[in-house]
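Residue-level structure breakdown
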Amino acid sequence: GEKKHGLDAEGVKSGLKADYVIREVLLGITICFAQIPESVAFAFMANVKPPIALHAAWMVGLICSVFGGRPGMVNGATGAFAAIIGTFIPEAGTGENGPGVELLFPSVIFGGFLMLLVSALNLSRFITLLPAPVMIGFCNGLAIVIGLAQLHPFIDPDTDEFRSGPELYWMLTICFSSMLIMEFLPKIPLKLFKVVPSSLIAIISSIILEFAVVRPLGHRTDVIRDVSEFTSDTAIPWPFFVKTDTVNYDLSSITTSAGMQQIFVQGLLLCIVGCIESLMTSEVVEDFTKTPGNGDRTVLAMGVGNILSGFCGGMGGNAMIGLSTVNCLNGGRGRLGPAVTALGVVACVVGAYPLLNFIPVAALTGIMLVVVMHTFKWFSLTILAASVLPLSIRKRLGPRFQRKVPRVEVAVIFVVTILSNFPKGTNIAYAVAVGVSLCAINYAWNSSKTFEWQESFGEDGTKYYDISGPLFFGATNRFLKVMNPDTDPEKVEVRFSSSTSIMDYSAMEGLHKIAVSYTAKGKSVRFQSLCPASEKMISKANQLVKSIEYTSRSISVDVVPGIAPLPEECGFETVGEN
């Protein structure tokens, strides 16, 4: 009936259930109060003012939640974006815009357009080529980048040295109290702590501690108002090229060759990192919801959000893997919750911005350190230990150390982790590229070892080479050394098993060289049982490999004892010569 599940007639007609709406709205508000301090901290990490991150958070978040391809996923300003941006904008003091910030906005716009191109070309499917060791290294590297960025509030901008005395002690007190509240309050079995976000309680507690304890005792620590005050002028986003009382960017550097080069490189890196983290997060959310997402639509919405964000002077953003996980763990499944989160950020920035000015900076550090603890994949340390410890010691240490994986993949995890931070000039995008390259080389090397052959002779004197394993650049050289045109008989046939395919031009060139060398000796060589894909590849390159004589896989050849049977006879034969 119309009152089913407690809904009125309009609720039934819209397809929304009351419990769904209540759950999503409460989750959205909860995550909003977690996203605001994270976004401010990411602004400090990127060396830009907090409004630049907060406006990006709600713009990207709202567009991706409403139009994206993955319901239940939270988007906004992220540590991955901040990590890239921080390598291009030098530090100018916590809460201040670093030199060259005006190049950030066209970079974000350019990155957004690249995301549209990724979506249009259906490139999101290549996220499946990202190996697990690279993903682990990505998370570890990002955690270290975020963690190191939390040291800045403890450094005195006047002396460039760590703060000291009572100020440092109170900052540490606020920081650790925020960490304890964030980490352990949700574990208390009270419904109140399940509904009220721990990040909000941590912020309120830190404000009380600052203004009810620290300052009455004659001390103080920095609050947001001291480092980058929110005002009515920063409450509304304006296009970055519009001059206002508080925003006046020098845009002359945008049209210089150095400026355009930085825009291109920064935009490209933001696109790469944004796509990787968003598609990774989409996979995580899919594991929770058991419903398929649309990767291209996810990237499309992210591109539109970044274009709008960059146009309005924001730092852009992508999916937030931590908050998305929190949303799904608490039952978030739809678009409503993340949309409420984005609208909540708008409400706070536009209407409640005076309250944000009272948040102690040390509390933001504490919250972000908890994020770091949950971002870092701690089990990778036991994987490292298991890769170097002998079996006898691993057995004594217990099940936690029964995690040995190939050492090359362990090395990839830590190469990506380290390159995300060191040496200076590298970043997460470069680290991922190196990690994927190492995994690809390792795979190619191992695949080349699966190349096998067996020689036999027919009753008529024909020599047969039975080949198994993929034929590509890694195996072609071995294939060439196997064949012997000098000593082989007049007639030679090379028979490919069902596991053999011609994978690339190197393999085709190898077949061509073999054919040419046998022809030069007055002998014939035929390649039997090519799969359709290999046949198609050779056919398209017929001007490069004219000497190859082959038969399709549908053709039967004599079965040799001890060799896996080839496809059944089809009753006809076609021979191709290119």
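Here the structure is shown first, and the text comes after it.
The sections below set out a description of the structure shown in this document. On a predicted model such as this, the values are computed, not experimentally measured, just so you know.

Details of the pattern of salt bridges
This structure, assessed with the given rule, holds 10 salt bridges. Across the pair Lys187 and Glu183 runs a salt bridge, and its minimum N-O distance is 3.4 Å. A salt bridge links Arg220 to Asp226, with the shortest nitrogen-to-oxygen separation between them at 2.8 Å. Here the residues in one salt-bridge network are Glu210, Arg215, Arg220 and Asp226, joined through shared partners.

Description of the nonpolar core
Grouped together as the largest cluster of nonpolar side chains are 71 residues, with contacts concentrated most on Met45, Val48, Ile52, Ile85, Leu104, Phe138 and Met315. Looking at which element gives the most residues to this core, the answer is helix 12 (residues 257-289), with 9 residues. Formed by 39 residues, the second largest nonpolar core is a distinct cluster that contains Leu168, Leu185, Ile359 and Val370.

A few points about the environment of Ser547
Relative to the helices and strands, Ser547 is located in the loop between helix 24 (532-540) and strand 9 (549-552). Among the residues examined, Ser547 registers a relative accessible area of 32% and is labelled partly exposed. The spatial distance from the C-alpha of Ser547 to the C-alpha of Val525 is 9.9 Å, given a sequence separation of 22 residues.

Observations regarding helix 17 (residues 361-375)
Taking 1.5 Å of rise per residue, the 15 residues of helix 17 would be expected to cover 21 Å, and the 21 Å separating its terminal C-alpha atoms lies within 8% of that figure. The element helix 17 is largely enclosed, with a buried count of 12 among its 15 residues. Of all the residues in helix 17, the buried ones are Val361, Ala362, Ala363, Leu364, Thr365, Gly366, Ile367, Met368, Val370, Val371, Val372 and Thr375. Contact partners of the buried residues in helix 17: helix 2 (18-46), helix 6 (132-149), helix 7 (165-184), helix 9 (198-214) and helix 10 (224-227).

So, a negative patch on the surface
On the surface, Glu91, Asp158, Asp160 and Glu161 cluster together to form a negatively charged patch. Mapped onto the elements, Asp158 comes out in the loop between strand 2 (155-156) and strand 3 (161-162). The class of Asp158 is exposed, set by a relative accessible area of 72%.

Topic: the pairing of strand 8 (residues 524-530)
Judged by how many residues are buried, strand 8 sits mostly within the fold: 5 of 7 residues are covered. Summarising the sheet, strand 7 (residues 491-496) and strand 8 pair through 5 bridges and their orientation is parallel. Of the residues in strand 8, the one forming a bridge with Val494 is Phe527. In terms of handedness, the path from strand 7 via helix 23 (residues 505-520) over to strand 8 forms a crossover that is right-handed. Of the pairings in the sheet, the one linking strand 8 to strand 9 comprises 2 bridges and is parallel in character. Bridging across to strand 9, Leu530 finds its partner in Ser552.

Some thoughts on the packing of aromatic side chains
Taken as a whole and judged by the stated rule, the model has 11 aromatic pairs. Note on Phe105 and Tyr249: the rings are 5.0 Å apart at their centroids and 55° apart in plane angle, and the pair reads as tilted. In this pair, Phe105 is assigned in helix 5 (residues 104-120) and Tyr249 in the loop between helix 11 (232-235) and helix 12, connecting sequence segments 144 residues apart. Side by side, Phe105 and Tyr249 carry an identical accessibility label, which is buried. Seen in terms of ring centroids, Phe376 and Trp378 are 4.6 Å apart; in terms of plane orientation they differ by 50°. Their pairing is tilted. Directly above the aromatic system of Tyr464 lies the positively charged group of Arg495, at a separation of 4.4 Å from the ring centroid.

Concerning the side chain of Asp488
Within the secondary structure, Asp488 sits in the loop between helix 22 (473-482) and strand 7. For Asp488, a relative accessible area of 4% puts it in the buried group. Contacts of Asp488, omitting those with residues within four sequence positions, involve Lys463, Tyr465, Tyr518 and Lys523.

Considering unusual backbone geometry
Peptide bonds are mostly trans, and most non-glycine residues show a negative phi. Of note, the bond from Phe422 into Pro423 is cis; its omega dihedral lies within 30 degrees of zero at -10°. Structurally, Pro423 can be placed in the loop between helix 20 (407-419) and helix 21 (428-448). In this model, Lys290 sits at a positive phi of 60°, which is unusual for a non-glycine residue. Mapped onto the elements of the fold, Lys290 is located in the loop between helix 12 and helix 13 (295-311).

Structural notes on helix 5
When the terminal C-alpha atoms of helix 5 are compared, their 24 Å separation across 17 residues agrees well with the 24 Å that a helix rising 1.5 Å per residue should span. Burial analysis of helix 5 places 12 of its 17 residues in the buried class, which makes it a mostly covered element. Looking only at helix 5, the buried set comprises Leu104, Phe105, Pro106, Ser107, Val108, Ile109, Gly111, Gly112, Leu114, Met115, Val118 and Ser119. Packing partners of the buried residues in helix 5 comprise helix 3 (50-67), helix 4 (79-88), helix 12 and helix 13. Trailing helix 5 by a residue or two, Asn122 shows a phi angle of about 60°, which is positive.

Thresholds, definitions, all that
- Residues numbered from 1 in each chain as written.
- Predicted model: local features only at pLDDT ≥ 70, side-chain atom pairs only at ≥ 80, totals over all residues.
- Heavy atoms only, no water.
- Salt bridge = Lys/Arg side-chain N within 4 Å of Asp/Glu carboxyl O.
- Core = buried A, V, L, I, M, F, W, Y, C linked by side-chain atoms within 4.5 Å.
- Buried < 20%, exposed > 50% of the residue type's maximum accessible area, 1.4 Å probe, protein only.
- Helix = DSSP H or I, 4+ residues; strand = E, 2+ residues; numbered from the N terminus.
- Expected span 1.5 Å × (residues − 1).
- Contact = heavy atoms within 4.5 Å.
- Patch = residues over 30% accessible without salt bridge, like charges linked within 9 Å, V, L, I, M, F, W, Y side chains within 5 Å.
- Areas by Shrake-Rupley, 256 points an atom, 1.4 Å probe, with all protein chains shown as cover.
- Lys, Arg positive; Asp, Glu negative; His and termini not counted.
- Charge placed at Lys NZ, Arg CZ, Asp CG, Glu CD.
- Pairing = 2+ DSSP bridges.
- Right-handed = clockwise from strand over helix to strand, strands pointing away.
- Phe/Tyr/Trp six-rings, centres within 6.5 Å; stacked < 30°, edge-to-face > 60°.
- Lys NZ or Arg CZ within 6 Å of the ring centre and 35° of its normal.

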